[in-house]
Amino acid sequence: SQPLPIALVGEAILKEHAIEVRDFDTALSQLAEQMALSMVAANGVGIAAPQVHSPLALFIMASRPNERYPDAPLMDPVVVVNPQILSASAELVSGEEGCLSVPGQRFSIWRHQTIVVRYQDLAGHWQQTELTGFIARIFQHEFDHLQGITLLERSQ
Ligand SMILES: O=C(CSC(=O)[C@H](Cc1ccccc1)CC(F)(F)F)c1ccccc1
Ligand SMILES: [Zn+2]
C-alpha cells in the first residue's frame, strides 16, 4: 500500500483538536499501519493522525539514533491512542526538532525533560509509563499535534 499524503502547516486539520478513539477495530489497526508506513517513507521518528488527514487522537513514535540525537534509543514503533500527560518535570531542555508538516525546517524547542504518560494501545489496554529525553520529546511533539499545535506555535 502507498504512503498517505502528509498535511502541510496551514491546512485546517492541523489546527483541530483530535477526537477520542472509541472503536479499537481493524480500521484503527489499518490506519496505524498506514501511518507507520508513511512515517518511515518520510524518514520520521513520529507521526500523528491529523498529519495524514485523520481527526483521531492517535500517533506513532519510533525513536532511533540520528545526527541530532546520536544517543537516542532505537525502539520499535509504539502506537499511542488517547494519550494523557499525567505529570511533567519542571526541568526543561532545549533541542532541535523537525516536522513532516513543515518540511525542510528545523526549530529549537523547549520540552519537559521527563513526563509521566498514560495511553491506550491498539487493543484498548491502558499503558502508563515515564518517558525521558528524546522519546519524551517525540511524545510531547506528537501530543501537541493532537491539540492542534505545531512547531510554529512553539518555536522560541
Ligand atoms: O526524522 C526527523 C524528521 S521530523 C520528525 O520525525 C517529526 C517528529 C519529531 C522529530 C524530532 C523531535 C520530535 C519529534 C515527525 C512529525 F512531524 F510527524 F511529528 C528528525 C528531525 C529531528 C531530529 C530527529 C529526527
Ligand atoms: Zn510534527
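Residues numbered from 1 in each chain as written. Chains lettered and ligands numbered in written order. Predicted model: local features only at pLDDT ≥ 70, side-chain atom pairs only at ≥ 80, totals over all residues. Heavy atoms only, no water.

Engineer: Help me out: how do you make sense of the sheet that holds strand 2 (residues 58-61) in this one?
Structural biologist: Paired through their backbone hydrogen bonds, the strands of a sheet run either parallel or antiparallel. Reading across from one edge, 1-2-3-6-7 is the order of the five strands in this open sheet, with antiparallel pairing throughout. Each edge of the open sheet is held by one strand with a lone partner, namely strand 1 (46-48) and strand 7 (126-132). Within this sheet the neighbouring strands show an average axis-to-axis angle of 40°, counted without direction. Taken together, the three bridges between strand 1 and strand 2 define a ladder with antiparallel strand orientation. The residue bridging alanine 48 from the neighbouring strand is phenylalanine 59, located in strand 2. Strand contacts of helix 1 (residues 26-41): strand 1, strand 2 and strand 3 (78-88), with the helix running at about 40° to strand 2, the strand carrying the most contacts. (Pairing = 2+ DSSP bridges. Helix = DSSP H or I, 4+ residues; strand = E, 2+ residues; numbered from the N terminus. Axes fitted to C-alpha atoms, helices over the stretch in contact; angles between N-to-C directions. Contact = heavy atoms within 4.5 Å.)

Engineer: I would appreciate a short explanation of the nonpolar core in the present structure.
Structural biologist: Nonpolar side chains in soluble globular proteins tend to end up buried together. Counting 21 residues, the largest nonpolar core has Phe59, Met61, Leu131 and Phe139 as its most contacted members. Breaking this core down by element, the ones donating at least two residues are strand 2, strand 6 (114-120) and helix 2 (133-146). A per-element tally of this core places helix 2 first, with seven residues. Residues contacting methionine 61, with those up to four places away along its chain left out, are Val45, Gly46, Met75, Asp76, Pro77, Val78, Val80, Leu131, Ile135, Ile138 and Phe139. One finds Ala32, Met35, Met39 and Leu58 within the second-largest nonpolar core, a separate group that totals 14 residues. (Core = buried A, V, L, I, M, F, W, Y, C linked by side-chain atoms within 4.5 Å. Buried < 20%, exposed > 50% of the residue type's maximum accessible area, 1.4 Å probe, protein only.)

Any functional reading would require information that these geometric values do not contain.
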